[in-house]
Amino acid sequence: METKQALEKWLNNEASPADMQVLNQWPGFDIYKKIDTHTKAMVLPEHDAISGLKALKDTFLLTSPQQKTPKVITMPRLLKIAALLILLVLSSVFVTSLPTNIQAPIATTQTIVLPDSSKITLKENGRISYKKYGWPFTREVTLEGEAYFEVAKGKTFTVVTPTANVSVLGTCFNVKTENDLLIVSCFEGLVSVQANGTNTLVAAGDSFSFSPMIVNNKIYTSKPTWIFNESSFIDMPLETVLMEIEKHYKVTITTKNIDVTLRYTGSFTHTNLDQALQTVTQPLNLSFSKDSKNEVQIYNLKKQ
Amino acid sequence: MKKHSNICQEAVFNKIYKEQVQSLRNFMFFKTKSTDASYDLAQEAFLKLWQNCGKVAPNKAKSYLFTTANNLFLNTVAHKKVQFKFTQGVKKSQDNNSPEFLLEEKEFGQKLQKALDSLTQLQRTAFLLSRVEGKKYREIAAIYNISEKAAGKRVLDALEKLRETIENL
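The sections below set out a description of the structure shown in this document.

### Examining unusual backbone geometry
Although it is not a glycine, Ser117(A) adopts a positive phi angle of roughly 65 degrees. With respect to the element layout, Ser117(A) can be found in the loop between β2 (110-113) and β3 (119-122). One non-glycine residue, Asn145(B), adopts positive backbone phi at about 60 degrees.

Here it is in structure tokens:
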């Protein structure tokens, strides 16, 4: 036991003289000692640190070094401030030029409150776009479809449509666009419409259709009727009215023995098909029948 | 703006190289029994150290080198059977150098070689680290990431096996 401990110490190169005495007295130690001396005589490869390091450096050149001190470009303080200002101005120009797009979903109106508390009520499928962040500088809205505007007093408010620019200072008005058709109805204040190079002023209570000819009609409501879920027509051909019903209720309307160029003035509701058909057909002495769910026939009883 | 000592600094790296390369080379030599292979492995371990210089703290460089070299060795597949060489004439300083004695010594050297071959690579390396390099159990344990006791046992087992083999030859 004692010899084993001494042997272990000797192997760990920390045998004391007492340990060595124990080991030397033990006959079995001779061979261990012999193994030890012989092993220690092993020829080791000499590693030349200088040439080895040089060889290593040559390989470094092939592999990219990991850490390079990054070059720091220093600027004069004034230039830094100038660069910062330019960046700020550029970013603000960029941000103000970003347009905001809004589209009203099918069968609902959507009310948008603009930054200056002007209000836009967008009819179904209508689409507007305006620059939210540039609003204090230019009050300009691009419109497709139909919308009712209540404009807060301030700078000139412009509605851009494919055919004309409608501009006001502060008023309530309705703009309807459909293909080439443009109808501007004014409910409060004064609206100026620039179309085809001519400037037309629409006063409160007037409604102007602009294509192909300028026609002036009177309006008798305080707001456009579609806001109350109604469509109203002033001296419009029956054909147009029926198309509107078709569009609104997603039905197909066929006519029989009817003069579709009859003029119609009135409105129909958006909530009940039977009521809507009645309000349109009765004043013109016409009858209607609903064949199936989506097909409506309109005919003249007296002529039959 | 005095930086901390970092292996990425060439002077620091050079110092570590000069301090550690011989011992690393020996370690690889015990494993491979090959002069060339041990050179390549030692150099490669230092290359790895340089490539990761930012990630290794200078005081961890030694253990990083030995671990890396060990892993690199495990990755190399075929090893040729090469035998160690021993210096002749260590005993010449002693007065007892009769032809019989020299013959006996030579025979013993051959036996030792065979015995070393019969050891496992792990036993052999641990034994040679202890004997030739004069490393303590603690240092061997650190290289292999084992306990000091296990390292001591490995060396002692190797010695026992060598004795048995030599006596039976």
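### As for the environment of Ile7(B)
Residues and elements named next belong to chain B. Along the chain, Ile7 falls in the segment before α1 (10-32). Residue classification places Ile7 among the buried positions, given that 23 C-beta atoms sit within 10 Å. If we ignore the near neighbours within four places in the chain, the residues touching Ile7 are Val12, Phe13, Ile16, Leu49, Cys53, Val56, Pro58 and Ala61.

### Re the packing of helix α2 (residues 35-51) of chain B against helix α3 (residues 61-75) of chain B
Residue and element names in this part refer to chain B. The interhelical angle for the contact between α2 and α3, taken along N-to-C directions, is 125 degrees, at an axis separation of 9 Å. Between α2 and α3, the angle is such that the two are oblique. Every pair of crossing elements has a handedness; the one defined by α2 and α3 is right-handed. Contact residues: α2 offers Leu41, Ala42, Glu44, Ala45, Phe46, Lys48 and Leu49, while α3 offers Ala61, Tyr64, Leu65, Thr68, Ala69, Leu72 and Phe73. In terms of residue class, the contact of α2 with α3 is built from 11 nonpolar, one polar and two charged.

### Re the sheet that holds β3(A)
Residue and element names in this part refer to chain A. Read from one edge of the open sheet, seven strands run β2-β3-β6-β9-β10-β13-β14, paired in antiparallel fashion. Looking at the sheet topology across the chains shown, the edges are occupied by β2 and β14 (215-218). Between one strand axis and the next, the sheet turns by 15 degrees as a mean value, whatever way the strands run. In terms of strand pairing, strand β13 (residues 206-209) meets β14 through four bridges, oriented antiparallel. By the bridge assignment for β14, Phe208 is matched with Asn216.

What counts, and at which threshold
Residues numbered from 1 in each chain as written. Chains lettered and ligands numbered in written order. Predicted model: local features only at pLDDT ≥ 70, side-chain atom pairs only at ≥ 80, totals over all residues. Helix = DSSP H or I, 4+ residues; strand = E, 2+ residues; numbered from the N terminus. Buried ≥ 20, exposed ≤ 12 C-beta atoms within 10 Å, placed from the backbone. Contact = placed C-beta atoms within 7 Å. Axes fitted to C-alpha atoms, helices over the stretch in contact; angles between N-to-C directions. Parallel < 35°, antiparallel > 145°, perpendicular 65-115°, else oblique. Left-handed = near helix turned anticlockwise from the far one by under 90°. Nonpolar A, V, L, I, M, F, W, Y, C, P; charged D, E, K, R; others polar. Pairing = 2+ DSSP bridges.

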